[in-house]
Amino acid sequence: TAIYREPLVRYLQTFGVRLEVEDVVQDLCARILDPSFLDEWQRSERPFRLWLRTAARFELMNRIRKERRRMGAGDGALADLAESDNAQTAFERSYAASLIRTASDATQRVLESQGRGHEWTLFIEHSLQGKPYAECAPPLGIPVDAARHATARVRGLMLDALRGVLSAEQVAEADFERELMALLSRLQP
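Our subject in this report is the structure included herewith. Throughout this description, residue numbers start from 1 for each chain and increase along the sequence as written. A pLDDT threshold of at least 70 governs which residues receive local features in this predicted model, and a stricter bar of 80 or more applies before side-chain atom pairs are shown or counted, although totals over entire chains, interfaces and linings include all residues. Derived side-chain values reflect all non-hydrogen atoms in the structure, with water molecules and hydrogen atoms excluded from consideration.

1. Points about the overall build of the chain
Point 1. Put simply, DSSP H or I for four residues or longer makes a helix, DSSP E for two residues or longer makes a strand, and each gets a number counted from the N terminus. Check the secondary structure of the chain and you find nine helices and zero strands.
Point 2. When the helices and strands of the chain are read in sequence order from the N terminus, they spell out α-α-α-α-α-α-α-α-α.
Point 3. Along the longest, intermediate and shortest principal axes, the C-alpha atoms of the chain span 70 × 30 × 30 Å.
Point 4. For each residue, the accessible area found with a 1.4 Å probe, counting protein chains only, is set against the maximum for its type, and the residue is called buried under 20%, exposed over 50%, and partly exposed in between. The buried share of the chain, reckoned over its 189 residues, is 35%.
Point 5. The contact criterion used throughout is that any non-hydrogen atoms of two residues lie within 4.5 Å. Across the chain, the fraction of contacts at a sequence separation of at least 24, relative to all contacts at a separation of at least 6, is 62%.
Point 6. The accessible surface values rely on the Shrake-Rupley method and a 1.4 Å probe; as for residues, cover is taken only from the protein chains in view. Working note: accessible area of the chain is about 10,900 Å², and carbon and sulfur atoms make up 51% of it.
Point 7. In the chain, 26 positive and 28 negative side-chain charges are present, and the distance between their average locations comes to 3 Å. Only four residue types enter the charge count: Lys and Arg as positive, Asp and Glu as negative, with His and the chain ends excluded. Every charge is mapped to an atom, namely NZ of Lys, CZ of Arg, CG of Asp or CD of Glu.

In structure tokens, the structure reads:
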């Protein structure tokens, strides 16, 4: 559930309500452990994050209604909780960042468990920081000729981790590449 916590908080914050959205998200994440809750998702045939986003909005509306009743106000039409493009963008951008963080952490753990943590460092220095292999590989004990292969291995592990999350969300394998590209595009400002 950790991958969804921050995106859901950011999503609910866009509605500008005075409730503690962190509490709403915490309760919703706890419900994920309930098999009947997951059965509802399975029946929906939607990717988990999208189904969970909708569930979070409904939970927020229910809490607002409950609070209004407690204060003696009518339920009212919760029109102000219509989902805006901004809310969807906030969720998707935060989810994409969370997904990449999760995949990165998993990849780094795998490499370290194999005694290849230096390949992770090479990947970061070359692929993200833009250093040439000749500059970053030798200090890590990686021959320059093997550096490209090492970064390809790390990239492959990252893609496997990303695919694993998408598969768990019931994204069809044929849609993985399109889904990954869409998520990565959301990281652009």
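2. A closer look at the nonpolar core
Point 1. Throughout this description, the term nonpolar core refers to a set of buried Ala, Val, Leu, Ile, Met, Phe, Trp, Tyr and Cys residues connected via side-chain atoms within 4.5 Å. Within the largest apolar cluster, 40 residues are counted, with the highest numbers of intra-cluster contacts made by Leu-8, Leu-12, Leu-52 and Tyr-95.
Point 2. For this core, the elements supplying multiple residues, two or more each, are helix 1 (2-13), helix 2 (21-31), helix 3 (35-44), helix 4 (48-70), helix 5 (85-113), helix 6 (117-128), helix 8 (144-168) and helix 9 (176-185).

3. Focus on the packing of helix 3 against helix 4
Point 1. Two numbers describe how helix 3 lies on helix 4: the axes approach to 10 Å, and their chain directions differ by 120 degrees. With respect to helix 4, the axis of helix 3 lies oblique. When the axes of helix 3 and helix 4 are compared, the crossing they make is right-handed. Contacts between helix 3 and helix 4 involve Phe-37, Leu-38, Glu-40, Trp-41 and Ser-44 on the former and, on the latter, Phe-48, Trp-51, Leu-52 and Ala-55.
Point 2. Among the residues forming the contact of helix 3 with helix 4, the class breakdown is seven nonpolar, one polar and one charged. For helices, the fitted line uses only the C-alpha atoms of the stretch in contact; every axis is such a line through C-alpha atoms, and the angle between N-to-C directions lies from 0 to 180 degrees. Each angle is binned into one of four classes, with values under 35 degrees roughly parallel, values over 145 roughly antiparallel, values of 65 to 115 roughly perpendicular, and all other values oblique. A clockwise turn of the near helix away from the far one marks a right-handed crossing, whereas an anticlockwise turn of less than a right angle marks a left-handed crossing. Residue type decides the class: Asp, Glu, Lys and Arg count as charged, Ala, Val, Leu, Ile, Met, Phe, Trp, Tyr, Cys and Pro as nonpolar, and the leftover types, Gly among them, as polar.

The values are spatial; any link to function lies outside them.
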